[in-house]
2 protein chains.
Amino acid sequence: MQHKSLASVNCPVARSLERVGEWWSILILRDAFKGLKRFDEFQNSLGIAPTMLTRRLNALTDAGLLRRQIYNERPPRYEYVLTPLGQDFRPVLLTLMAWGNRHFFPEGKRIVLVDLNSGAEVDPIVVDRMSGRLIDAAIKSVSVAPSRISKGKMSAGSVARTKSVENKIRRRSAGQRET
Amino acid sequence: MQHKSLASVNCPVARSLERVGEWWSILILRDAFKGLKRFDEFQNSLGIAPTMLTRRLNALTDAGLLRRQIYNERPPRYEYVLTPLGQDFRPVLLTLMAWGNRHFFPEGKRIVLVDLNSGAEVDPIVVDRMSGRLIDAAIKSVSVAPSRISKGKMSAGSVARTKSVENKIRRRSAGQRET
DNA sequence: ATGAGTCACTATCATTATGCAAGTGACTTA
DNA sequence: TAAGTCACTTGCATAATGATAGTGACTCAT
């Protein structure tokens, strides 16, 4: 679909969607957080066509969310694991999950999130880091001159790759993107 | 793209993506949170083809995230405003925005979120409602029998419309979906 | 050591979604 | 009366997707 560039846009939502806005991307990420790593694990879990899976896995890898890790040489077999950038996507997944849980299970059974370590039920909400207060008022993003950064914490392992990742993929044979 | 059903899937992420997984949907929602309401406002803001905008607006309306509100009869002109379900999507947008801000602005300038009321900079994080602790461990969703619901709070204004919203849209002429 | 099976893909092709350009109807304003 | 404005719709070319089938490099059981 020749997705409108969106790349140049100076909006954090748009820039985020460039990496994870494709149909399967977020579902793949969900599975990655569940611990799935291998091609066929994703395929079985998602019922996705292998073509698509290849494309999305490559796109997510190029976008820096996943990393290919070799686990078998001859034949080279890779696992796809979350990078720090990918791990940092967790809050988005949590809020999306919570939203779905709140609204789309009207048929008797309810779905809740459970901490795998403690076993406790969790109910994710979004608050401000400093004040701890719920964020529910209107928000806008504004850009700030670099000098004014005070409580900044530009997290590691990120820095955008390049745009139009999608188009390059099909043209390139696999295996060049080594671990 | 004949998007794989996904409807029957018992996963909150999948069910969420059914409503907002389309390319422009989240961007439209972002603009709706910014206060945009009218067709041409969205069009100017997004640079989206009117065809697409019609489809996405209808899809979001049918999914229950937006509501058409008439503001002019003869000719009937509608505004698209967030429903409670749509408003409740805010946490997802916030975390997505925060993720983008953290990672995709390496070129000097930084973008932060600002509370429109207080003017204070906010840094959205996801915590558990009860404990207030950061959620960063592994999480899974489990379904719970209706009876076991204790601290439940099935929020209002929700309840899913029906599936396969997309396909119906093009077949139907506009104007049947009144306020 | 032969054949079946696994794994991670790639190729091909029909189907579907998207973007673009242009057009429409019902007004409003100059 | 003519020129907008607004919210669309139509048609068509093009790009992305999904289904099915096939491939190469192994492993493993017989």
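Going by the structure above, here's the rest.
## Some thoughts on the overall build of chain A
- Scanning chain A for helices and strands turns up seven helices and six strands.
- For chain A, the sequential pattern of α-helices and β-strands runs α-α-α-α-β-β-α-α-β-β-β-β-α.
- The 179 residues of chain A split such that 48% are buried.
- Here the analysis covers contacts within chain A between residues at least 6 apart in sequence; of these, 46% occur between residues at least 24 apart.
- Counting only carbon and sulfur atoms, one obtains 49% of the accessible surface of chain A, whose full area is about 8900 Å².

## Concerning the environment of L85(A)
- Inspection of the secondary structure assignment puts L85(A) in helix α5 (residues 84-87).
- Separated by 19 residues in the primary sequence, L85(A) and L66(A) place their C-alpha atoms 8.2 Å from one another.

## As for the sheet that holds strand β4 (residues 121-122) of chain B
- Pairing is antiparallel across the open sheet formed by three strands, whose spatial order is β6(A)-β3(B)-β4(B). Both edges of this open sheet fall to β6 (139-144) of chain A together with β4 of chain B, since each of them pairs with a single strand only.
- Judged from the six bridges that link them, β6(A) and strand β3 (residues 110-115) of chain B form a sheet pairing that is antiparallel. Residue pairing for β3(B): V142(A) is matched across the bridge by V112(B).
- Against the sheet, helix α6 (residues 90-103) of chain B engages β6 of chain A together with β3 of chain B, with an angle of about 150 degrees to β3(B).

## Examining the pairing of strand β5 (residues 124-128) of chain A
- Where burial is concerned, most of β5(A) is hidden: five out of the five residues are buried.
- Because side chains alternate across β5(A), one face comprises the buried residues P124(A), V126(A) and D128(A), and the other comprises I125(A) and V127(A), equally buried.
- One ladder, built from five bridges, connects β5(A) with strand β5 (residues 124-128) of chain B; its direction is antiparallel. Looking across to β5(B), one finds that D128(A) is bridged to P124(B).

## Some thoughts on the environment of G86(A)
- Along the polypeptide, G86(A) turns up in helix α5.
- The class for G86(A) is buried, based on a relative accessible area of 0%.

## Overview of empty space enclosed by the protein
- Scanning the model with the defined rule gives two cavities of 30 Å³ or more in all.
- Empty space within the largest cavity amounts to approximately 80 Å³.
- Around the largest cavity, the lining residues are L17(A), V20(A), G21(A), E22(A), W23(A), I26(A), L17(B), V20(B), G21(B), E22(B), W23(B) and I26(B).
- Looking at the lining of the largest cavity, the elements with two or more residues in it are α1 (12-20) of chain A together with α1 (12-20) of chain B.
- In this structure, the second largest cavity spans a volume of roughly 50 Å³.
- Around the second largest cavity sit L17(A), V20(A), I26(A), V92(A), L96(A), L17(B), V20(B), I26(B), F89(B), V92(B) and L96(B), which together line it.
- At the level of secondary structure, the elements contributing two or more residues to the lining of the second largest cavity comprise α1 and α6 (90-103) of chain A together with α1 and α6 of chain B.
- Split into classes, the residues belonging to the lining of the second largest cavity amount to eleven nonpolar, no polar and no charged.

## Side note on the pairing of β3(B)
Residues and elements named next belong to chain B.
- Among the six residues that make up β3, six are buried, leaving the element largely enclosed by the rest of the structure.
- Of the two faces of β3, the one carrying R110, V112 and V114 and the one carrying I111, L113 and D115 are both buried.
- By the bridge criterion, two bridges tie β3 to β4 in an arrangement that is antiparallel. If you follow V114 over to β4, its bridge partner there is E121.

## Observations regarding the sheet that holds strand β6 (residues 139-144) of chain B
- As summarised here, the arrangement of the three strands in space is β4(A)-β3(A)-β6(B), forming an open sheet in which the pairing is antiparallel. With partners counted over all chains shown, the strands left at the sheet margins are β4 (121-122) of chain A together with β6 of chain B, one partner each.
- This element, α6(A), spans β3 (110-115) of chain A together with β6 of chain B of the sheet and lies at about 150 degrees to β3(A).

## Topic: the packing of helix α2 (residues 25-34) of chain B against helix α3 (residues 39-46) of chain B
Residue and element names in this part refer to chain B.
- It is the contact of α2 with α3, at a shortest axis distance of 11 Å, that shows an interaxial angle of 115 degrees. Note that α2 runs across α3; the crossing there is right-handed. Packed against α2, whose contacting residues are L27, I28, R30, D31, A32 and K34, the element α3 presents F42, S45 and L46 at the interface.
- Considered class by class, the residues forming the contact of α2 with α3 number five nonpolar, one polar and three charged.

## Quick look at the pattern of salt bridges
- Following the criterion strictly, the structure yields twelve salt bridges over all chains and no others.
- Its salt-bridge partner being R56(B), residue E22(B) comes within 3.6 Å of it at the nearest N-O pair. In this pair, E22(B) sits in the loop between α1 and α2 while R56(B) sits in helix α4 (residues 50-62), placing the two residues 34 residues apart along the sequence. Accessibility classification places E22(B) together with R56(B) in one group, the buried group.
- Residue E79(B) is joined to R38(B) by a salt bridge in which the shortest nitrogen-to-oxygen separation is 3.2 Å. Linking E79(B) in strand β2 (residues 77-82) with R38(B) in the loop between α2 and α3, this pair joins segments that are 41 residues apart in sequence.
- On the basis of relative accessibility, which here comes to 14%, the residue E79(B) falls in the buried class.
- A single network of salt bridges, built from pairs that share partners, joins R30(A), D31(A) and K34(A).

Rules of the game
- Residues numbered from 1 in each chain as written.
- Chains lettered and ligands numbered in written order.
- Predicted model: local features only at pLDDT ≥ 70, side-chain atom pairs only at ≥ 80, totals over all residues.
- Heavy atoms only, no water.
- Helix = DSSP H or I, 4+ residues; strand = E, 2+ residues; numbered from the N terminus.
- Buried < 20%, exposed > 50% of the residue type's maximum accessible area, 1.4 Å probe, protein only.
- Contact = heavy atoms within 4.5 Å.
- Areas by Shrake-Rupley, 256 points an atom, 1.4 Å probe, with all protein chains shown as cover.
- Pairing = 2+ DSSP bridges.
- Axes fitted to C-alpha atoms, helices over the stretch in contact; angles between N-to-C directions.
- 1 Å grid on protein atoms, 1.4 Å probe; cavity = no way out; pocket = protein on both sides within 12 Å on 5 of 7 lines; lining within 4 Å.
- Points joined across faces, edges and corners; volume = space filled by probe spheres on them.
- Nonpolar A, V, L, I, M, F, W, Y, C, P; charged D, E, K, R; others polar.
- Left-handed = near helix turned anticlockwise from the far one by under 90°.
- Salt bridge = Lys/Arg side-chain N within 4 Å of Asp/Glu carboxyl O.

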